[in-house]
Amino acid sequence: MIGIRKDTDPDLREVFAKGFPAYPQAVDLSSPTNSSPYRMTAADLREAFQDDPWRLHLLANVDTVLDELASRGVNIPGFLIGGGFVRRLKDGTRPRDIDGVAFYKAEGVSPDEVAPALSGAARAAKSLQIDMRFCPLDANPILMMKSLIFYSVLFSKSEGRMEIENGLILYDRH
């Protein structure tokens, strides 16, 4: 039987029930729109983790750091979340921190102001249990693609292992 691709947003409740897999259905039925990274808004995240105060706390910390960057002219339309924050959804255990990549655009800010803003944000993030990396959206497209692929693979597996173990969350901050 021939599979039919369903290029629609997945039912996030189903994704959570399956332990946040990279692909919620057969790979030949998957596409960028219905598999990892799963696009989630702030409201989606609050609803998904309403019974998990620790993850909500970590997400609030992310918003604090990213909002501070935005006040300095460095806007983050997307934040890729992975690592133990997502992987530990399978067994219901508490993650140590939240791993993520902030995809940023510096608007109305001189290039000399961006590096100190990002450096300060990385330090603040570390103190708030966030392992935050950065990727400019106005970079060389090949560098941006390599960064997205690198972090997607890194955040989808456990340290020291080579198998993809979990899907990722793309936090849509628009």
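The structure we're discussing is the one just above.
Because the structure is a prediction, the values reported are computed rather than measured. (Residues numbered from 1 in each chain as written. Predicted model: local features only at pLDDT ≥ 70, side-chain atom pairs only at ≥ 80, totals over all residues. Heavy atoms only, no water.)

**With respect to the packing of aromatic side chains**
We describe a pair of aromatic rings using the distance from one ring centre to the other and the angle between the two ring planes. Per the stated rule, a full pass over the model turns up 7 aromatic pairs. Here the aromatic rings of Phe16 and Phe49 are separated by 5.6 Å at their centres, their planes lie at 75°, and the arrangement is edge-to-face. Of the two residues, Phe16 sits in helix α1 (residues 12–17) while Phe49 sits in the loop between α2 (42–48) and α3 (53–71), which places them 33 residues apart along the sequence. Among the residues examined, Phe49 registers a relative accessible area of 2% and is labelled buried. (Phe/Tyr/Trp six-rings, centres within 6.5 Å; stacked < 30°, edge-to-face > 60°. Helix = DSSP H or I, 4+ residues; strand = E, 2+ residues; numbered from the N terminus. Buried < 20%, exposed > 50% of the residue type's maximum accessible area, 1.4 Å probe, protein only.)

**Quick word on the sheet that holds strand β2 (residues 74–82)**
Each strand in a sheet pairs with another by means of backbone hydrogen bonds, the pair being arranged parallel or else antiparallel. Across the sheet, which stays open at both edges, the 5 strands sit in the order β1-β5-β2-β3-β4 with mixed pairing between neighbours. Both edges of this open sheet fall to β1 (38–40) and β4 (130–136), since each of them pairs with a single strand only. Here the average twist between neighbouring strands, direction ignored, is 25°. Alignment of β1 against strand β5 (residues 169–172), held across 3 bridges, turns out to be parallel. The residue of β5 that forms the bridge with Met40 is Tyr171. Of the strands in this sheet, β2, β3 (98–106) and β4 are in contact with helix α5 (residues 111–127), which crosses β4 at around 160°. (Pairing = 2+ DSSP bridges. Axes fitted to C-alpha atoms, helices over the stretch in contact; angles between N-to-C directions. Contact = heavy atoms within 4.5 Å.)

**Observations regarding the nonpolar core**
Phe79, Ile81, Phe85 and Ile169 are the most contacted members of the largest nonpolar core, which totals 33 residues. Considering every element that reaches this core, the biggest residue donor is α3, with 7 residues. Sequence-distant contacts of Phe79, that is, excluding residues within four places in its chain, are made with Val62, Leu66, Gly100, Val101, Ala102, Ile130, Met132, Ile169, Leu170 and Tyr171. Ranked by size, the runner-up nonpolar core spans 7 residues in total, among them Phe103, Tyr151, Phe155 and Leu168. (Core = buried A, V, L, I, M, F, W, Y, C linked by side-chain atoms within 4.5 Å.)

Don't take any of this as a statement about function, it's just geometry.
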